[in-house]
Amino acid sequence: MTVETPAPSPASPAPVDRGSGKHRVVIIGSGFGGLWSTEALAKAPVDVTMISGTSHHLFQPLLYQVATGVLSEGEVAPATREILKNQKNATVLLGRVTDIDINAKTVTSVSPLGTTVTPYDSLIVAAGAGQSYFGNDQFSEWAPGMKSIDDALELRGRIFGSFELAELCDDPAEREEWLTFVVVGAGPTGVEMAGQISELAHRTLRRDFRRIDTTKAKIILLDAAPAVLGNFGDKLSNAARKQLESIGVDVVLNAKVVGVDNFGVDIIDAEGNERRIPSRCKVWAAGVSASPLGKQLAEQSGAEIDRAGRVKVNDDLTLPGHPEVFVIGDMMNLNNLPGVAQVAMQGGKYAARQIVRRLNGEPPGEPFKYFDKGSMATISRFHAVASVGKIHLAGFFAWLMWLGVHVMYLIGFKNRLTTVLHWAVSFIFRGRSQRTTTRQQIVARTLMARLEAEQAQKQAPRPEGAAAEASTTAASSAGDANSRSEPVATDSVDELSAAYGDKGAEDRKAASLKQAPES
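Caption draft 1: Geometry of the sheet that holds strand β5 (residues 106-111). Across the sheet, three strands lie side by side as β4-β5-β6; this open sheet has antiparallel pairing. With one partner strand each, in any of the chains shown, β4 (96-101) and β6 (114-119) form the two edges of the open sheet. The sheet shows a mean angle of 20 degrees between the axes of neighbouring strands, taken without regard to direction. The sheet contact formed by β4 and β5 spans five bridges and is antiparallel. By the bridge assignment for β5, Val-97 is matched with Ser-109.

Pasting the structure below:
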């Protein structure tokens, strides 16, 4: 059965001008940079339009806790409209930005209803970054990243699903594959994810199964770098590695990933030897790539972009030659600033202040200066590392600092309260209240990617002979339509089952190919 997706409607007109005559500020993205810049303009004599591909603001530092069942998605991703409901000069538009015309000063976005063109006087580009597989995008099918709510929910399904399927296995080797979890990337996200999977295996789930011992699960943390949390310094890096190993995480450094498939990961170790790690559940937490909008801006303005796609901006965060365009957060390249939330927040506030100064006829302020408030990462229950100025802590007090900082930056009292309660249940006791998973969470991304590929193939021009053959086939099918029903495409079902990790599905598909008659 073929599912037809309705074609977008023709380009719709730009949003209705409210006729205020105020300076129009368009902000792309609802992340830390976009939200902080929008709120900083609350009292300015401007009309603000935020355009985002999602309807929520994502608190990305806690996304791994959604993936491991500690928090719900609503607690880390409140609705953007709810956050800005009292800011009368702010309008929120749902749409994926596809084009920025810096000469015409317009932003084009698409939604299920069509295309919208939004004019601006000032533009703040805070579209963030996605996962980078360093030129091996095919790895993403088997090793999801963690940059969105969809990613976290898929990983939740894969992680908890691996334990469920291990319980069903009679073959010890296959069971071990299901109970081996590989996390690629030993930065804060990878370290926190590996630590939480270990907590799941050794504390939360150890009494829940009858045929498997979850405490025997293998959690492997891989990185091509020589240290865990390398940006934290040698002392904290060593402390983090020691704590990871104490909770059962196998840390493998100086190891480059060269292959990923449904059944494992291929690596080259420090000695140059290639080996394979059998595993059914992989998490990719290495590398980021800036939004493709950065490349658009660079091509139109002549600005430089780095290997990660970030735009080299002026000291006041503006695009070279276009003082009305600000590029902030993960999309900007300035003084080797890290791609962390604080850079985006401070950059958003700075851009907003610069716009207000111009409207008031004031001279430009000082160049942007980032105030480093430190870095933190939690390793496990009651243990974290924190580097704040000259203070370097590892252990319980660093964990308390981590708790306080993250609660403070969550949006809304309700989210703060429920988050603290869930932390109490998960960290003081053993429970995880967000363990519900569905098959759709696991296979939806793969299915959508294949559907898009099929649609693109159908829309591609075909040779005249192939088109005639397709017409003959279609006519033949139409003639038989009244005498038989359309068969269900079992191959597609098996492909999705294989995406989930069903080895039998792949065997069935292989068997069907062997049995097919030769043409």
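Caption draft 2: Highlighting the confidence of the model for the protein. Scored by pLDDT, the protein comes out at a mean of 87, with 85% of its residues at no less than 70. Overall, residues 470-496 carries pLDDT values under 50, and its contacts beyond four positions in sequence, including any with other chains, amount to 15 contacts. Every residue in residues 508-519 is under pLDDT 50, and counting partners more than four places away or in other chains gives four contacts.

Caption draft 3: The arrangement of the sheet that holds strand β22 (residues 383-388) in detail. Pairing is antiparallel in the open sheet, where three strands are placed in the order β21-β22-β23. Each having just a single partner strand, β21 (375-380) and β23 (391-395) make up the two edges of the open sheet. Neighbour-to-neighbour, the strand axes of the sheet open up by a mean angle of 5 degrees, direction not taken into account. In this sheet, β23 lies alongside β22 in antiparallel orientation, the contact comprising five bridges. Each residue of the ladder has a partner; that of Ala-386, found in β23, is Leu-393.

Caption draft 4: Structural detail: the packing of aromatic side chains. One pass over the structure, following the stated rule, counts 14 aromatic pairs. Ring geometry for Trp-399 and Phe-427: centres 5.7 Å apart, planes at 75 degrees, overall edge-to-face. In this pair, Trp-399 sits in helix α11 (residues 396-409) while Phe-427 sits in helix α12 (residues 413-428), placing the two residues 28 residues apart along the sequence. Across this residue pair, the class does not change: Trp-399 and Phe-427 are buried. Chaining the aromatic ring pairs together yields one cluster made of Phe-382, Phe-396, Phe-397, Trp-399, Trp-402, Trp-423 and Phe-427. Against the face of Trp-178 rests Arg-280, its NZ or CZ located 4.5 Å from the ring centre.

Caption draft 5: Molecular detail of the packing of helix α1 (residues 32-40) against helix α10 (residues 341-359). Contact geometry for α1 and α10: axes closest at 7 Å, N-to-C directions at 30 degrees. As far as their axial angle goes, α10 and α1 are roughly parallel. For the crossing formed where α1 meets α10, the hand is right-handed. For the pair formed by α1 and α10, the contact residues are Phe-32, Gly-33, Trp-36, Ser-37 and Ala-40 on the first element and Ala-341, Ala-344, Met-345, Gly-348, Lys-349 and Ala-352 on the second. Taken together, the residues of the contact of α1 with α10 break down into seven nonpolar, three polar and one charged.

Caption draft 6: Geometry of helix α9 (residues 293-301). Buried residues of α9: Leu-293, Gly-294, Gln-296, Leu-297 and Ala-298, and no others. If you follow the buried residues of α9, they end up packed against β1 (23-28), β4, β7 (122-125), β17 (311-312), β18 (318-319) and β19 (322-327). In the segment just after α9, Gly-302 is the residue with positive phi, at about 85 degrees.

Caption draft 7: Region of interest: the packing of helix α5 (residues 149-168) against helix α7 (residues 188-204). Following both chains from N to C, one finds α5 and α7 inclined at 35 degrees, their axes separated by 12 Å at the closest point. For the element pair α5 and α7, the recorded crossing hand is right-handed. Here Leu-155, Ile-159, Phe-160 and Phe-163 of α5 come into contact with α7, specifically with Met-193, Ile-197, Leu-200 and Ala-201. Classifying every residue of the contact of α5 with α7 by side-chain character gives eight nonpolar, no polar and no charged.

Caption draft 8: The environment of His-392, seen in detail. Assignment of secondary structure puts His-392 in strand β23. Sequence-distant contacts of His-392, that is, excluding residues within four places in its chain, are made with Lys-235, Leu-236, Ala-386 and Ser-387.

Caption draft 9: Expanded view of a nonpolar patch on the surface. Together, Phe-396, Phe-397 and Leu-400 make up an exposed nonpolar region whose accessible area comes to about 330 Å². Mapped onto the fold, Leu-400 is located in helix α11. In this structure Leu-400 comes out as partly exposed when scored by relative accessible area, which is 38%.

Caption draft 10: Layout of the pairing of β5. Hairpin remark: β4 followed by β5, antiparallel, with four residues in the connecting loop; positive phi at Lys-105, about 60 degrees. As paired elements, β5 and β6 share six bridges and run antiparallel to each other. For Ser-109, the partnering residue across the bridge sits in β6 and is Thr-116. Hairpin remark: β5 followed by β6, antiparallel, with two residues in the connecting loop.

Caption draft 11: The pairing of β1, seen in detail. Bridge count for β1 against strand β2 (residues 46-52) is six bridges, and the pairing is parallel. Bridge pairing in β2 links His-23 to Val-46. Note that the unit made of β1, α1 and β2 has a crossover that is right-handed. The pairing of β1 with β7 spans four bridges and is parallel.

What counts and what doesn't
Residues numbered from 1 in each chain as written. Predicted model: local features only at pLDDT ≥ 70, side-chain atom pairs only at ≥ 80, totals over all residues. Heavy atoms only, no water. Pairing = 2+ DSSP bridges. Helix = DSSP H or I, 4+ residues; strand = E, 2+ residues; numbered from the N terminus. Axes fitted to C-alpha atoms, helices over the stretch in contact; angles between N-to-C directions. pLDDT = per-residue confidence, 0-100. Contact = heavy atoms within 4.5 Å. Phe/Tyr/Trp six-rings, centres within 6.5 Å; stacked < 30°, edge-to-face > 60°. Buried < 20%, exposed > 50% of the residue type's maximum accessible area, 1.4 Å probe, protein only. Lys NZ or Arg CZ within 6 Å of the ring centre and 35° of its normal. Parallel < 35°, antiparallel > 145°, perpendicular 65-115°, else oblique. Left-handed = near helix turned anticlockwise from the far one by under 90°. Nonpolar A, V, L, I, M, F, W, Y, C, P; charged D, E, K, R; others polar. Patch = residues over 30% accessible without salt bridge, like charges linked within 9 Å, V, L, I, M, F, W, Y side chains within 5 Å. Areas by Shrake-Rupley, 256 points an atom, 1.4 Å probe, with all protein chains shown as cover. Salt bridge = Lys/Arg side-chain N within 4 Å of Asp/Glu carboxyl O. Right-handed = clockwise from strand over helix to strand, strands pointing away.

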